[in-house]
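This is what each chain is made of:
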Amino acid sequence: QTSFVDTRNNKREGKLLLKPVQTVINGVPFGRPYQAPFAVRYGLAFSYLYEGRVDPALAALQTYLAEYKDSGSAQGFPEVFIWNSIARINLENGRLDAAMKAYEKGYESVPGSSLPEDQKQVWYGRLQHGRCRTRAKMGKRQEAWTEAQKIKKMIDDGGELYKVRLRFPVVLEPVAAGRGPW
């Protein structure tokens, strides 16, 4: 047994046999609060995606989501960002039901977030767009068009911020018209 000081300046007793990478990958062993390892989890997810390994990529993001919630969400960005990433990976890999569920979870995470109201509206628009693309890929063209019209109204009613962040003509018209690689 050896005394040592951990990464949070807490005095601990135990063996000094920790491997730093395993410590981050296996979770933080010295209590809370901590910052969930964004770079590690997203780095793993992207590495897996580059290799064509969708399941481990999604697992890395699901693990990160749990760590994010466990850390008190003190990351400097909203939970919806993670849900949107999970949904997008599912959508781009033909897992349409899983994509729709992740977009819904993202939608549920926005109201209780600390985002300013204008940013919440932008996220709602992004999620609506994802659901629109998902419905189009499912072959539900009329539902996709209905979603597209809701987004267009958000942009029209939302002012300049929405016109910059949510570009209806570039992204949604091809979906609504049944064209494009959604």
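Residues numbered from 1 in each chain as written. Predicted model: local features only at pLDDT ≥ 70, side-chain atom pairs only at ≥ 80, totals over all residues. Heavy atoms only, no water.

Draft legend 1. Layout of the packing of aromatic side chains. Evaluation of the coordinates by the stated rule reveals five aromatic pairs. Between Tyr 64 and Tyr 68, the ring centres sit 6.3 Å apart and the planes meet at 55 degrees, which makes this aromatic pair tilted. Within this pair, Tyr 64 and its partner Tyr 68 are both found in helix 3 (residues 54–70), separated by four residues, close to a single helical turn. Exposure class is identical for Tyr 64 and Tyr 68. Each is buried. (Phe/Tyr/Trp six-rings, centres within 6.5 Å; stacked < 30°, edge-to-face > 60°. Helix = DSSP H or I, 4+ residues; strand = E, 2+ residues; numbered from the N terminus. Buried < 20%, exposed > 50% of the residue type's maximum accessible area, 1.4 Å probe, protein only.)

Draft legend 2. Geometry of the nonpolar core. Ranked by size, the top nonpolar core spans 26 residues in total, and within it Leu 61, Ile 82, Ile 86, Tyr 103 and Val 110 carry the most contacts. Listed by contribution, the elements that provide at least two residues to this core are helix 2 (38–50), helix 3, helix 4 (79–92), helix 5 (96–109) and helix 6 (117–137). Considering every element that reaches this core, the biggest residue donor is helix 3, with eight residues. (Core = buried A, V, L, I, M, F, W, Y, C linked by side-chain atoms within 4.5 Å.)

Draft legend 3. Here's a closer look at the pattern of salt bridges. Tallied over the entire structure, the rule returns ten salt bridges. Among the ionic pairs, Arg 95 bridges to Asp 55, the shortest N-O distance being 2.7 Å. Of the two residues, Arg 95 is situated in the loop between helix 4 and helix 5 and Asp 55 in helix 3; the sequence distance between them amounts to 40 residues. Overall, Arg 95 belongs to the partly exposed group, its relative accessible area being 31%. The residue Arg 133 makes a salt bridge to Glu 92 at a minimum N-O spacing of 2.8 Å. On the criterion of sequence distance, the pair formed by Arg 133 in helix 6 and Glu 92 in helix 4 is long-range, its members being 41 residues apart. For Arg 133, a relative accessible area of 10% corresponds to the buried category. Residues joined in a network through salt bridges with shared partners are Arg 135, Glu 143, Glu 147 and Lys 150. (Salt bridge = Lys/Arg side-chain N within 4 Å of Asp/Glu carboxyl O.)

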